[in-house]
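Structural characterization, general
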Amino acid sequence: MRPFTRHQGLVVPMDRANIDTDLIVPKQFLKSIRRSGFGPNLFDELRYLDEGVPDADNSHRPLNPDFPLNFPRYQGASILLARENFGCGSSREHAAWAMEDFGFRSVIAPSFADIFRSNAFKNGILPIELAASQVQTLFQKVQEEEGFSLDINLEDCTVRLPAGEIWSFEVDAFRRDCLLQGLDDIGLTLESATAISAFEEQHQARFPWLFEDIRL
Amino acid sequence: MAQTLYDKLWEAHLVEQREDGTALIYIDRHLLHEVTSPQAFEGLTLAGRPLWRRNANLAVPDHNVSTLKAERDGGLAALPDPISRIQLQTLDDNCDAFDVAQIHLDDLRQGIVHVIGPEQGAVLPGMTVVCGDSHTSTHGAAGALAHGIGTSEVEHVLATQCLIQKKMKNFKVEVSGQLAAGVTAKDIALAVIREIGTAGGTGYAIEFCGSAIRDLSMEGRMTLCNMAIEAGARCGLVAVDDVTLNYFKDKPLAPKGEQWQLAEMWWRTLHSDEKAVFDRSISLDGSAIAPHVTWGTSPEMVTSIDGHVPRLSDMPDETARLGLKRALEYMGLEEGMAIGDIRPDAIFIGSCTNSRIEDLRAAAAVLKGRRVSENIRKAMVVPGSGLVKAQAEAEGLDKIFIEAGMEWREPGCSMCLAMNADRLLPGERCASTSNRNFEGRQGGGGRTHLVSPAMAAAAAVAGRFVPVEKALSETAGVSS
């Protein structure tokens with residue numbers, strides 16, 4: 001995983017609540033057995049005017065001119081601004097893969113759905129929860145100032161606005177460490193292999209039926 | 001100290017509690033399907049990591065399978081879509097390479113992962129269960145701690161048999177009283193989401209309790225816990241009781257003899273203690289819950305059958321107004337419109353929410369001797385598993401559906417998420433027993449109204465949303 005320490009980037013607004021993972025990456029692209037290449041189909045149904053097809057060339061498809069990601073002023077954006085409950089719905093990690101592949105490094109919203117939040121962290125994307133009033137301020141500023149960008153610092157957990165104002169945010173300590181160092185958490189968990197084996201042994205003694213052969 | 005059901009399940013599976021608040025939770029059962037597992041197996045292969053415990057895993061193809069008999073009979077080679085064929089073949093290949101037990105596509109027991117898990121006893125009370133699918137919350141109905149996870153977590157569980165989790169908060173949803181006739185677990189789920197919103201359960205494990213919950217069958221409890229995720233909660237739970245034990249008694253993978261006695265002793269403790277403290281509680285009067293219908297593009301955009309689509313002027317702020325405007329535009333509805341004036345073009349009875357035998361019986365009871373309305377262009381019933389299908393056929397339900405003018409399909413996720421060819425056309429309006437009414441969920445531009453199986457059947461015969469009794473009295477039934 002690509003580490004995240006500090007990131008300065010252009011902000012693109014999507015003024016809606018409950019942006020679900022079906023919207024982030026529609027189902028037809030979930031047929032892929034790969035982990036990469038989802039970027040061109042991020043927000044496919046909103047971004048293009050025609051229907052997206054897996055494994056197709058997306059470069060000549062008609063773009064929806066009313067969708068912020070297509071506005072000239074937001075080209076190259078790497079921070080997404082949204083409203084409550086971002087990433088709700090399906091557990092598809094393809095949503096996080098698509099965002100990462102597109103070039104997003106962070107999403108700022110008043111709240112996130114649990115599974116998306118976890119998927120984002122595991123793919124080097126920092127979900128930042130700010131108060132609804134702060135998010136509202138950001139929506140106004142993005143609207144007013146072309147080229148509005150933010151400087152996100154995960155080391156001290158702050159977001160710096162262009163005018164110099166600094167807001168702090170909270171992030172789970174474990175997730176922060178993994179992101180700062182780009183750690184593979186399977187490797188980390190396997191450091192506890194002895195503890196897992198010991199637990200498993202007593203678990204089997206207590207609940208032997210859980211360890212019966214599963215072959216049907 | 002008094003514990004909640006969630007506390008007990010958490011404690012029984014806690015491998016390691018870390019200072020930063022995270023913990024390692026041991027996973028008893030891991031269910032896999034073709035869509036969210038290939039990248040996880042690939043990750044293991046690339047890192048050269050073996051499975052921690054092969055025997056914990058059970059795979060089944062469901063999300064991207066054809067539900068047409070002709071295509072199913074021909075096996076993988078007969079699937080017309082080459083990308084889907086590769087995905088299904090990859091599940092076979094991975095299960096072979098890693099020696100993972102799989103219920104194959106041509107097996108009578110194949111079906112939706114959340115239907116076959118309990119049906120086979122692969123999920124049991126007191127277990128921790130994960131699956132790369134958000135509707136894994138379904139299994140909480142068994143008194144199991146079940147989390148939907150992402151693909152990185154699928155890989156993590158395959159390699160370590162553990163999930164890194166922070167303990168969630170406890171949320172008690174009590175539904176008292178007795179449900180009225182024609183009101184089902186689906187309506188309870190929608191009523192709860194209407195009350196707390198789609199993010200109301202975020203960060204919580206929801207335990208459903210109260211007399212209306214105790215009165216639900218296992219199938220009903222599965223429907224309810226299935227939709228906990230639509231309220232934002234990764235886990236839904238129902239305490240173990242006689243209903244639970246009777247359901248699991250003869251399941252193929254359930255413990256037998258002395259093992260069952262031992263298991264039952266532990267299972268009988270799986271309820272919240274009387275003095276257990278919840279971080280949040282709500283209570284609903286079950287007798288006051290009416291059949292529900294969603295009108296918008298989020299499950300919280302829902303009202304009862306006698307209700308109306310809200311008006312823009314009812315919205316508290318600009319974001320809410322914008323959200324409502326967008327939803328109405330997408331759904332092709334007018335503000336203030338009566339739910340009873342909405343006319344679906346399509347009917348879908350199926351999904352991990354409502355495709356079990358009880359669901360099919362409820363729909364068939366309405367459809368028996370009746371015909372699907374002329375303005376319905378497409379109507380399908382997709383049983384949750386091969387065993388559900390066989391049971392329904394043994395009871396003659398398939399004939400009722402077919403005579404009513406509905407298609408009787410092979411098991412799979414089908415038009416709940418429309419990954420396969422079963423989907424709505426742009427602008428098509430569907431009365432669906434599935435779980436999500438998101439934009440494009442059942443096909444690009446498709447419009448979904450979530451309802452119970454009985455309500456979907458009522459809409460099928462009446463051609464609009466009506467209470468079941470009205471559908472029965474309005475339409476000429478040929479009783480037999």
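Note: the structure precedes this text.
These numbers were taken from a predicted model, which means no experiment stands behind them.

1. Quick word on the overall build of chain A
A count of helical and extended segments in chain A gives 8 helices and 7 strands. On the principal axes, the C-alpha backbone points of chain A span a range of 65 × 40 × 25 Å. In chain A, which comprises 216 residues, the share counted as buried stands at 59%. Put simply, of all contacts in chain A between residues at least 6 apart along the chain, 63% involve residues at least 24 apart. If you sum the accessible surface of chain A, you get close to 8,700 Å²; carbon and sulfur atoms cover 46% of it.

2. A closer look at the interface of chain B and chain A
A common way to state how big an interface is: give the accessible area lost once the parts meet. With 88 residues of chain B in contact, the opposing surface of chain A contributes 64 residues. Between chain B and chain A the total buried area reaches about 6,300 Å² when both faces are included, carbon and sulfur atoms providing 57% of it. The three residues of chain B that bury the most area against chain A are Gln39, Trp52 and Ile83 of chain B, which together make up 10% of that side's buried surface. Connecting chain B to chain A are 9 salt bridges. Between glutamate 200 of chain A and arginine 53 of chain B there is a salt bridge, with its nearest N and O atoms 3.6 Å apart. Residue contributions to the side of chain B that touches chain A peak at 7 residues, all from helix α6 (residues 151–160) of chain B. Taken together, the residues of the side of chain B that touches chain A sort by class into 35 nonpolar, 31 polar and 22 charged.

3. What to know about helix α7 (residues 185–196) of chain B
Residues and elements named next belong to chain B. Here α7 is 12 residues long and its end C-alpha atoms lie 17 Å apart, about the 16 Å a rise of 1.5 Å per residue gives. Most of α7 is tucked away, with 10 of its 12 residues classed as buried. Positive backbone phi, approximately 85 degrees, marks glycine 197, located one or two places after α7.

4. Digging into the pattern of salt bridges
Residue and element names in this part refer to chain A. Here the structure, examined in full by the defined rule, presents 41 salt bridges over all chains. Two residues, aspartate 15 and arginine 83, come together in a salt bridge whose shortest N-O distance is 2.7 Å. With aspartate 15 in the loop between β1 (6–13) and α1 (21–24) and arginine 83 in the loop between β2 (79–81) and α3 (94–102), this residue pair connects regions lying 68 residues apart in the sequence. Across the pair aspartate 50 and arginine 61 runs a salt bridge whose closest N-O atoms are separated by 2.9 Å. With aspartate 50 in the loop between α2 (44–47) and β2 and arginine 61 in the loop between α2 and β2, this residue pair connects regions lying 11 residues apart in the sequence.

5. Focus on the pairing of strand β16 (residues 378–381) of chain B
Residue and element names in this part refer to chain B. In β16, alternate side chains face the same way, and those of Lys378 and Met380 on one face and Ala379 and Val381 on the other are all buried. As defined by bridge partners, strand β15 (residues 346–349) adjoins β16 across 4 bridges and the pair is classed as parallel. Bridge pairing in β16 links alanine 346 to lysine 378. Chirality of the crossover, the property in question, places the unit of β15, helix α13 (residues 357–367) and β16 among those that are right-handed. Summarising the sheet, β16 and strand β17 (residues 407–408) pair through 2 bridges and their orientation is parallel. Each bridged residue has a counterpart across the sheet, and for valine 381 the counterpart in β17 is tryptophan 408.

6. A word on the sheet that holds strand β5 (residues 101–102) of chain B
All names here are of chain B. The parallel open sheet is built from 5 strands, whose spatial order is β5-β4-β3-β6-β7. Each of the sheet's edge strands pairs with one partner strand only, and the pair in question is β5 and β7 (145–148). Alignment of strand β4 (residues 57–59) against β5, held across 2 bridges, turns out to be parallel. If you follow alanine 59 over to β5, its bridge partner there is glutamine 102. The sheet contacts of α6 involve β3 (29–32), β4 and β6 (128–131), and relative to β3 the element is tilted by about 135 degrees.

7. Description of the packing of aromatic side chains
All names here are of chain B. Overall, the coordinates contain 16 aromatic pairs over all chains when judged by the stated rule. Geometrically, the ring pair formed by phenylalanine 41 and phenylalanine 98 is tilted, given 5.1 Å between the ring centres and 40 degrees between the ring planes. Taken together, the residues phenylalanine 41 in helix α2 (residues 38–47) and phenylalanine 98 in helix α4 (residues 82–98) connect sequence positions 57 residues apart. Take phenylalanine 98: its relative accessible area is 17%, and that puts it in the buried class.

8. Structural notes on the environment of phenylalanine 199 of chain A
Locating phenylalanine 199 of chain A in the fold gives a position in helix α8 (residues 193–206). Beyond its immediate stretch of four places on either side in the chain, phenylalanine 199 of chain A contacts Ala12, His13, Leu14, Val15 and Tyr26 of chain B.

What counts, and at which threshold
Residues numbered from 1 in each chain as written. Chains lettered and ligands numbered in written order. Predicted model: local features only at pLDDT ≥ 70, side-chain atom pairs only at ≥ 80, totals over all residues. Heavy atoms only, no water. Helix = DSSP H or I, 4+ residues; strand = E, 2+ residues; numbered from the N terminus. Buried < 20%, exposed > 50% of the residue type's maximum accessible area, 1.4 Å probe, protein only. Contact = heavy atoms within 4.5 Å. Areas by Shrake-Rupley, 256 points an atom, 1.4 Å probe, with all protein chains shown as cover. Buried area = accessible area lost by both parts, 1.4 Å probe. Salt bridge = Lys/Arg side-chain N within 4 Å of Asp/Glu carboxyl O. Nonpolar A, V, L, I, M, F, W, Y, C, P; charged D, E, K, R; others polar. Expected span 1.5 Å × (residues − 1). Pairing = 2+ DSSP bridges. Right-handed = clockwise from strand over helix to strand, strands pointing away. Axes fitted to C-alpha atoms, helices over the stretch in contact; angles between N-to-C directions. Phe/Tyr/Trp six-rings, centres within 6.5 Å; stacked < 30°, edge-to-face > 60°.

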